[in-house]
Amino acid sequence: MLTLPETSGRNATTAGASAVRPDRAPGGGSAVHLALAEAAMARHGTERSALLPVLQDLAAAGAIDDGAMQLLAARFGLPPVEIQGVVTFYAFLAAPPARHRVRLCRTISCELAGAAAVAERLAGTAARAAASGGSVAVEEVHCIGLCDQAPAMLLDDAAYGHLTPQSAAAAVSVAVARDLDPVGEHAAEGEPAVGGEPAAEGEPAAVGATDAPGEAP
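Computed from a predicted model, the values in this text were never measured in an experiment.

Colleague: I keep staring at the overall build of the chain and nothing clicks. Help me out?
Modeller: Secondary structure assignment for the chain yields eight helices and four strands. Starting at the N terminus and ending at the C terminus, the chain contains elements arranged as α-α-α-α-α-β-α-α-β-β-β-α. By the burial criterion, 41% of the 217 residues in the chain qualify as buried. The contacts of the chain with a sequence gap of at least 6 include a subset with a gap of at least 24, amounting to 71%. Total accessible area on the chain stands at roughly 11000 Å², and carbon and sulfur atoms take up 55% of it.

Colleague: What's the story with the environment of Gly-133 in this structure? I'm lost.
Modeller: By secondary structure assignment, the location of Gly-133 is in the loop between α7 (115-131) and β2 (136-141). By relative accessible area, Gly-133 is classed as exposed at 53%. In sequence terms Gly-133 and Leu-180 are 47 residues apart; their C-alpha atoms lie 7.6 Å from each other.

Colleague: Looking at this structure, I do not really get the sheet that holds strand β4 (residues 158-160). What am I missing?
Modeller: The strand order β2-β1-β3-β4 describes an open sheet built from four strands, whose pairing is mixed. Strand pairing shows two members of the sheet lacking a second neighbour, β2 and β4, which therefore form its edges. For this sheet, the mean inter-axis angle between neighbouring strands, taken without regard to orientation, is 20°. In this sheet, strand β3 (residues 153-155) lies alongside strand β1 (residues 100-105) in antiparallel orientation, the contact comprising three bridges. Its bridge partner lying in β3, Arg-103 is registered against Leu-154.

Colleague: Just to check I follow, could you spell out the packing of aromatic side chains for this structure?
Modeller: Describing an aromatic ring pair means giving the distance of the ring centres and the angle of the ring planes. For the structure on display, the rule yields one aromatic pair. An angle of 90° between the planes, with centres 4.9 Å apart, marks the rings of Phe-89 and Tyr-90 as edge-to-face.

Colleague: Where do I start with the nonpolar core in this structure?
Modeller: Across soluble globular proteins, you tend to see nonpolar side chains buried next to one another. Counting 48 residues, the largest nonpolar core has Leu-72, Leu-122 and Met-153 as the members making the most contacts within it. Looking at this core element by element, the count peaks at seven residues for α7. When near neighbours in sequence (up to four residues on either side) are disregarded, Leu-122 contacts Val-102, Leu-104, Val-138, Met-153, Ala-168, Ala-169 and Val-172.

Colleague: I keep staring at the pattern of salt bridges and nothing clicks. Help me out?
Modeller: Two side chains with opposite charge may pair up if their charged atoms get near one another. As enumerated under the stated definition, the model contains eight salt bridges in all. Glu-38 is the salt-bridge partner of Arg-75, the closest N and O atoms lying 2.5 Å from each other. One end of the pair, Arg-75, is in helix α4 (residues 66-76); the other, Glu-38, is in helix α2 (residues 31-44), with 37 residues separating them in the sequence. Note on Arg-75: relative accessible area 26%, which makes it partly exposed. A salt bridge links Arg-103 to Asp-157, with the shortest nitrogen-to-oxygen separation between them at 4.0 Å. In this pair, Arg-103 is assigned in strand β1 and Asp-157 in the loop between β3 and β4, connecting sequence segments 54 residues apart. On the basis of relative accessibility, which here comes to 16%, the residue Arg-103 falls in the buried class. Within the structure, one salt-bridge network assembled from shared partners comprises Arg-106, Glu-111 and Glu-140.

Colleague: Is there a simple way to think about the state of the cysteines in this case?
Modeller: In the structure shown here, the tally under the stated rule is zero disulfides. The thiol of Cys-143 is not disulfide-bonded; the next cysteine sulfur, from Cys-147, is found 4.3 Å away. Looking at Cys-147, the relative accessible area reads 42%, which means it is partly exposed.

Reading the values: the criteria
Residues numbered from 1 in each chain as written. Predicted model: local features only at pLDDT ≥ 70, side-chain atom pairs only at ≥ 80, totals over all residues. Heavy atoms only, no water. Helix = DSSP H or I, 4+ residues; strand = E, 2+ residues; numbered from the N terminus. Buried < 20%, exposed > 50% of the residue type's maximum accessible area, 1.4 Å probe, protein only. Contact = heavy atoms within 4.5 Å. Areas by Shrake-Rupley, 256 points an atom, 1.4 Å probe, with all protein chains shown as cover. Pairing = 2+ DSSP bridges. Axes fitted to C-alpha atoms, helices over the stretch in contact; angles between N-to-C directions. Phe/Tyr/Trp six-rings, centres within 6.5 Å; stacked < 30°, edge-to-face > 60°. Core = buried A, V, L, I, M, F, W, Y, C linked by side-chain atoms within 4.5 Å. Salt bridge = Lys/Arg side-chain N within 4 Å of Asp/Glu carboxyl O. Disulfide = S-S within 2.5 Å.

What follows is the structure, given as structure tokens:
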């Protein structure tokens, strides 16, 4: 059975851990990664024995960052340095490159157009995709050059604008479904898409060509 490594400096960092508010997003943390951390803790709990399963879920989603580790420290009642020690101790917690990369714009124009709701929905979609064997990493970025089509995201190299939470989740689900069901055996209209999103009529259309803004064709 896997055990957690002992780390030094517990007394020196306990005060820092207690300063983290469990009901707030720690500074610097991606909202998507924090939502994935919350979902993992809801599944596994916050007993010390649950730390590794929670971290494995986050690693599979490429969601271990400083903010997520700070949140785990607060929820598990451990110093942040101990969480970091576990992450760096076990090689299997180094996340492999995700099969699909989502870059969601969080500039002011996208925020005003509803990017926060899109981010929340994508967090759930990424978690469900991971549970079904898919691989999706969601990043929040500063700008992707689509301010006139906010909120917007890049899914791999395809740009999507005028997003709703439903259309963003559907685009990701279609990409994951192609990986897990390449011959389309479960693509009948009305069946749930892989990742837990309902199948839509047709596929979400990318903006223009499949190349991201600013990239050569």
